[in-house]
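Notes for the structure review
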Amino acid sequence: MQAGRMRYRLRLLRPVASTDKFGQQQAGSFMPHATVWAERVKLYGTRRTEAGELFSDYRAEFNIRLGHEVHEGWRVGVAGESVLYEVSAVEPNKERGLLKLICERVNE
C-alpha cells in the first residue's frame with residue numbers, strides 16, 4: 001500500500017431506517033458516517049438505452065484502508081464533486097490492508 005496514491009476524500013453515507021406515522025419503514029434517507037482518504041482505481045462510463053431513452057452509466061472502483069466500516073447499499077460521494085455512487089460490492093484485500101469499493105452512479 002502506498003499512501004501517496006490516496007488523493008480523494010470520500011464521504012461515506014450509511015442508510016438510515018425510519019418509520020412513518022403508520023409504522024412502515026421508510027428507505028432512502030442517508031446519514032453521513034465518515035470522511036476517508038481513497039485511491040480511485042478505475043473510472044469508466046458507458047451509455048445505455050432504457051425505455052427508448054439514453055442514460056449515462058458511470059462506475060468507479062475505490063480503495064480505502066481496511067479499518068473503515070462500509071457495507072453494500074451505502075453511498076459514497078467524492079468531496080468537491082456532485083456525483084454520488086452506491087456501493088454494490090466490498091472486496092477486502094488483507095495482504096495490502098485495503099477494501100475495494102465497487103460503485104455505481106446513483107440517478108436521483
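Going by the structure above, here's the rest.
In short, a report on the structure. (Residues numbered from 1 in each chain as written. Predicted model: local features only at pLDDT ≥ 70, side-chain atom pairs only at ≥ 80, totals over all residues. Heavy atoms only, no water.)

Remarks on the pattern of salt bridges
Evaluated as defined, the whole model comprises three salt bridges. For Arg59, the salt bridge is made with Asp57, and the minimal N-O distance between the two is 3.4 Å. Overlapping salt bridges bring together Asp57, Arg59 and Glu104 as one network. (Salt bridge = Lys/Arg side-chain N within 4 Å of Asp/Glu carboxyl O.)

Let's talk about the pairing of strand β5 (residues 84-93)
Looking at chain direction, strand β4 (residues 75-78) and β5 are connected through three bridges and run antiparallel. Looking across to β5, one finds that Val76 is bridged to Tyr85. Where β4 folds back on β5, the antiparallel hairpin that results is connected by five residues, among which Gly80 adopts a positive phi of roughly 90°. Counting the residues in the hairpin turn of β5 and strand β6 (residues 98-105) gives four residues, including Gly97, whose phi is positive at 75°. (Pairing = 2+ DSSP bridges. Helix = DSSP H or I, 4+ residues; strand = E, 2+ residues; numbered from the N terminus.)

As far as function goes, none of this settles anything; it's purely spatial.
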